[in-house]
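Geometric and topological summary
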Amino acid sequence: MRKPRRTFKPRQEDPNRINDRIRVPQIRLVGDGQEPQIMDTKDAIKLADEQDLDLVEISPKANPPVCKIMDYKKFLYNQKKKEKELKAKQSKVTIKEIRFGPNTEEHDFNFKLDHAKKFLQEGAKVKAFVFFRGRAIVFKDRGEILLLRFAQELAEYGTLELMPKLEGKRMTIMINPKKD
C-alpha cells in the first residue's frame, strides 16, 4: 500500500534578494546622500552588518546589480502600507439596473424613478433598460421615448452617458451620477 503524498506549501520568495542570497561577485552600492560605488559583495555585506542593516538587491538586471543598504523589514512594511493606502483610495463603481417593459404605467415609472434618484445620490451608476418580449419589439419607439423621458427626469441627479441603444431584445441607457 502506498503512502499518501504530503503536499508542501511553497515558501513565499522575497521579491528582492538580500544579504547572502546575492551571489554575484560585485555590486553597485547606492545609498541616501552618497555616490554610487562598485564594490565586492562580501565587503558590502560587512558594511551592512556593521550598521545592523541589510544589503538589498534593488535592480538585479543591471550590470553590475544595484544594491542598497536598508532595514529590509521596515522597507517591506512601508511597501505594504503604501499598497493598502492605494487600495483604499480606489473607488468601486457600482451599477444598479432598472428594468422597464414597453408598456410601463405612470405609477411604476415614478416608483422606479425614485429608486434611480436614490441610487444616483449614493454615487452609483444607473443602467435602465426596456425589455421587449415576443412581438413587443414592434414598439421600439415607445421604449425609446420611455428611456429618454426617464433620462430627462433624472437630469438634475445625473448625466446621460449612453443614448438609447437596442441590443437584441433590450434597449439600454446609462446614467452617471453628477459630481459634487
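Residues numbered from 1 in each chain as written. Predicted model: local features only at pLDDT ≥ 70, side-chain atom pairs only at ≥ 80, totals over all residues. Heavy atoms only, no water.

As a further point, take the side chain of Thr41. Along the chain, Thr41 turns up in helix H1 (residues 41-50). What Thr41 contacts, discounting residues up to four positions off in sequence, is Ile22, Val24, Pro25, Gln26, Ile27 and Leu55. (Helix = DSSP H or I, 4+ residues; strand = E, 2+ residues; numbered from the N terminus. Contact = heavy atoms within 4.5 Å.)

In this section: the nonpolar core. Nonpolar side chains tend to gather and get buried jointly when the protein is soluble and globular. Counting 20 residues, the largest nonpolar core has Phe100, Val126, Phe150 and Ile175 as the members making the most contacts within it. For this core, the secondary structure elements donating two or more residues are strand E5 (95-100), helix H3 (106-121), strand E6 (125-131), helix H4 (140-153) and strand E8 (170-177). When residues of this core are assigned to their parent elements, the largest contribution, five residues, is made by H3. When residues no more than four places from it in sequence are discounted, the contact partners of Ile175 are Leu120, Lys125, Val126, Phe150, Ala151, Leu154, Gly158, Thr159, Leu160 and Glu161. Counting residues in each nonpolar core, the second largest holds 10 residues, with Ile22, Ile27, Leu29 and Ile45 among its members. (Core = buried A, V, L, I, M, F, W, Y, C linked by side-chain atoms within 4.5 Å. Buried < 20%, exposed > 50% of the residue type's maximum accessible area, 1.4 Å probe, protein only.)

With that settled, consider H1. Since there are 3.6 residues in each turn of an α-helix, residues three or four apart along the chain are aligned in direction. Within the sequence span of H1, burial applies to Thr41, Ala44, Ile45 and Ala48. Summarising the axial view, the buried residues of H1 lie within an arc of 100°, below the 170-degree limit, and thus occupy one face. Opposite the packed face of H1, turned more than 90 degrees from it, sit the exposed residues Lys42, Lys46 and Glu50. The elements touched by buried residues of H1 are strand E1 (26-31), strand E2 (34-40), strand E3 (54-59) and strand E4 (66-70). Positive phi shows up at Asp52, right after H1, with a value of about 55°. (Arc of directions from axis to C-beta.)

The next point concerns the UniProt feature "domain: Translation initiation factor 3 C-terminal" (unreviewed entry) in the protein. Mapped onto the present numbering, the UniProt feature "domain: Translation initiation factor 3 C-terminal" (unreviewed entry) falls at residues 93-178. Regarding residues 93-178, the helix share stands at 35% and the strand share at 36%, and the terminal C-alpha atoms are separated by 13 Å. (UniProt positions renumbered as here; feature names shortened; annotations may be inferred.)

What follows concerns the UniProt feature "domain: Translation initiation factor 3 N-terminal" (unreviewed entry) in the protein. Per the UniProt annotation, the sites labelled "domain: Translation initiation factor 3 N-terminal" (unreviewed entry) are residues 18-85. Across residues 18-85 one finds 35% helix and 35% strand; the C-alpha atoms that close the span lie 26 Å apart.

Next up on the list: the packing of H3 against H4. It is at 11 Å that the axes of H3 and H4 come closest, and there the two elements cross at 45°. On the basis of their axis angle, the class for H3 and H4 is oblique. Once H3 is placed against H4, the crossing between them reads as right-handed. Contacts from Glu106, Phe109, Lys112, Leu113 and Ala116 in H3 reach Leu146, Arg149, Phe150 and Glu153 in H4. Of the residues in the contact of H3 with H4, the class split is five nonpolar, no polar and four charged. (Axes fitted to C-alpha atoms, helices over the stretch in contact; angles between N-to-C directions. Parallel < 35°, antiparallel > 145°, perpendicular 65-115°, else oblique. Left-handed = near helix turned anticlockwise from the far one by under 90°. Nonpolar A, V, L, I, M, F, W, Y, C, P; charged D, E, K, R; others polar.)

Looking now at the domain arrangement of the protein. Frequently, the measure chosen for interface size is the accessible area removed from exposure when the parts meet. On domain assignment, one finds that the protein holds domain 1 (19-76) and domain 2 (95-177). Here domain 1 and domain 2 have C-alpha centroids that lie 61 Å from each other. (Domains from an automatic or database assignment.)

To continue, consider the sheet that holds E2. The sheet built from four strands is open, its strands ordered E2-E1-E4-E3 with mixed pairing. The open sheet has two free edges, formed respectively by E2 and E3, since each of these has just one partner strand. If you compare each strand with its neighbour and ignore which way they point, the axes differ by 35° on average. In this structure, E1 lies alongside E4, joined through three bridges in parallel fashion. Following the sheet pairing, Arg28 is matched in E4 by Val66. Most of the contacts of H1 go to E2, to which it runs at about 125°, and overall it touches E1, E2, E3 and E4. (Pairing = 2+ DSSP bridges.)

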